[in-house]
Amino acid sequence: MNDNSNKKQNKGGRIPKTDPSIHRHVFRLTDEENAKFLSLFEGSGMPNKAKFIITQLFGNKMKSVQIDKGTVDFYMRLTSFHSQFRSIGVNYNQIVKLLYKSFSEKKASAYLYKLEKQTTEMVELFKKVLEITEEFDKKYLKK
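Residues numbered from 1 in each chain as written. Predicted model: local features only at pLDDT ≥ 70, side-chain atom pairs only at ≥ 80, totals over all residues. Heavy atoms only, no water.

### Regarding the overall build of the chain
Okay, so step 1: A count of helices and strands for the chain gives five helices and zero strands.
Okay, so step 2: Seen in sequence order, the chain has helices and strands lined up from the N terminus as α-α-α-α-α.
Okay, so step 3: Here the chain, with 143 residues, has 8% of them falling under the buried criterion.
Okay, so step 4: For the chain, long-range pairs separated by at least 24 residues make up 33% of all intrachain contacts whose partners lie at least 6 apart in sequence. (Helix = DSSP H or I, 4+ residues; strand = E, 2+ residues; numbered from the N terminus. Buried < 20%, exposed > 50% of the residue type's maximum accessible area, 1.4 Å probe, protein only. Contact = heavy atoms within 4.5 Å.)

### Some words on the side chain of Thr55
Okay, so step 1: Along the chain, Thr55 turns up in helix α3 (residues 49-57).
Okay, so step 2: Within polar-contact distance, the side chain of Thr55 engages the backbone oxygen of Lys51 at 2.7 Å. (Polar contact = N/O pair within 3.5 Å; in protein donor to acceptor, adjacent residues only side chain to side chain.)

### Some remarks on the pattern of salt bridges
Okay, so step 1: Counting across every chain of the model gives two salt bridges.
Okay, so step 2: Salt-bridge contacts for Arg77 lead to Asp73; the nearest nitrogen and oxygen are separated by 3.3 Å. Of this pair, Arg77 and Asp73 both sit in helix α4 (residues 69-102), four residues apart, roughly one helical turn.
Okay, so step 3: The exposure class of Asp73 is partly exposed, given its relative accessible area of 37%.
Okay, so step 4: Between Lys139 and Glu135 there is a salt bridge; the shortest N-O distance is 3.6 Å. Of this pair, Lys139 and Glu135 both sit in helix α5 (residues 105-141), four residues apart, which is roughly one turn of that helix.
Okay, so step 5: Given a relative accessible area of 51%, Lys139 falls into the exposed group. (Salt bridge = Lys/Arg side-chain N within 4 Å of Asp/Glu carboxyl O.)

### Looking at the packing of aromatic side chains
Okay, so step 1: What the rule picks out here adds up to seven aromatic pairs.
Okay, so step 2: Ring centres of Phe103 and Tyr111 lie 5.4 Å apart, and the angle between their planes is 55°; this geometry places the pair in the tilted category.
Okay, so step 3: Assessed through its relative accessible area of 38%, Tyr111 is described here as partly exposed.
Okay, so step 4: Aromatic ring contacts, followed pair by pair, group Phe37, Phe41 and Phe52 into a single cluster. (Phe/Tyr/Trp six-rings, centres within 6.5 Å; stacked < 30°, edge-to-face > 60°.)

### Considering α5
Okay, so step 1: Helix length check: α5, at 37 residues, gives a terminal C-alpha distance of 50 Å against a target of 54 Å (1.5 Å per residue), a fit within 8%.
Okay, so step 2: Turning to α5, its buried residues are Ala108, Leu112, Leu115, Val129 and Phe136. (Expected span 1.5 Å × (residues − 1).)

### Re the packing of helix α2 (residues 31-44) against α3
Okay, so step 1: With their axes 10 Å apart at the nearest point, α2 and α3 run at an angle of 95° to one another. Between α2 and α3, the interaxial angle falls into the category roughly perpendicular. Counting all contacts with α2, which are made through Phe37, Leu38, Leu40, Phe41 and Ser44, the residues of α3 involved are Lys49, Phe52 and Ile53.
Okay, so step 2: Grouping the amino acids of the contact of α2 with α3 by side-chain chemistry returns six nonpolar, one polar and one charged. (Axes fitted to C-alpha atoms, helices over the stretch in contact; angles between N-to-C directions. Parallel < 35°, antiparallel > 145°, perpendicular 65-115°, else oblique. Nonpolar A, V, L, I, M, F, W, Y, C, P; charged D, E, K, R; others polar.)

### With respect to the side chain of Ser44
Okay, so step 1: With respect to the helices, strands and loops of the structure, Ser44 is situated in helix α2.
Okay, so step 2: On the basis of relative accessibility, which here comes to 5%, the residue Ser44 falls in the buried class.
Okay, so step 3: Of note is the side chain of Ser44, whose polar atom sits 2.7 Å from the backbone oxygen of Phe41.

### Examining the confidence of the model for the chain
Okay, so step 1: When pLDDT is averaged across the chain, the result is 82; 89% of the residues are at 70 or more.
Okay, so step 2: The element-level mean pLDDT for the chain is lowest in helix α1 (residues 2-5), coming to 56, with α2 highest at 89. (pLDDT = per-residue confidence, 0-100.)

### What about the packing of α4 against α5?
Geometrically, a packed helix pair is captured by the angle between its two axes and the distance between the axes.
Okay, so step 1: Direction vectors running N to C along α4 and α5 enclose 165°, while the axes themselves pass 11 Å from each other. Looking at the two axes, α4 sits roughly antiparallel to α5. Of the two elements, α4 crosses α5, and the hand of that crossing is left-handed.
Okay, so step 2: Along the lines of polarity and charge, the residues of the contact of α4 with α5 split into 20 nonpolar, four polar and one charged. (Left-handed = near helix turned anticlockwise from the far one by under 90°.)

In structure tokens, the structure reads:
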């Protein structure tokens, strides 16, 4: 009987931490401060607010990524425009082959002349797009 009382009974459960977080601090924020805090927290990508606050207090590096919807939209439209421009180039080569294959030399040259005028207009348009892109880059992306 004395032998059974000396054995420790296993209670189960989680193994206790060696250095538990037992100290608690409370602070209050105004509406404006809270909005700024929440925007910083959301931009940090941290899993919870406590880890975010500890990271800020003790100077650990924090990553913050800001996504500008206007820039993303501009980039998407520019990408789609560029893909359309490339597909026009592919179609251009196919048209030239078909012109020389289907028409006489004289008719093919006349159609090619018209196609060349349209291509010149398209090149001018593309130059304007490049200027707008460079202007956008200088104004909004190089901060």
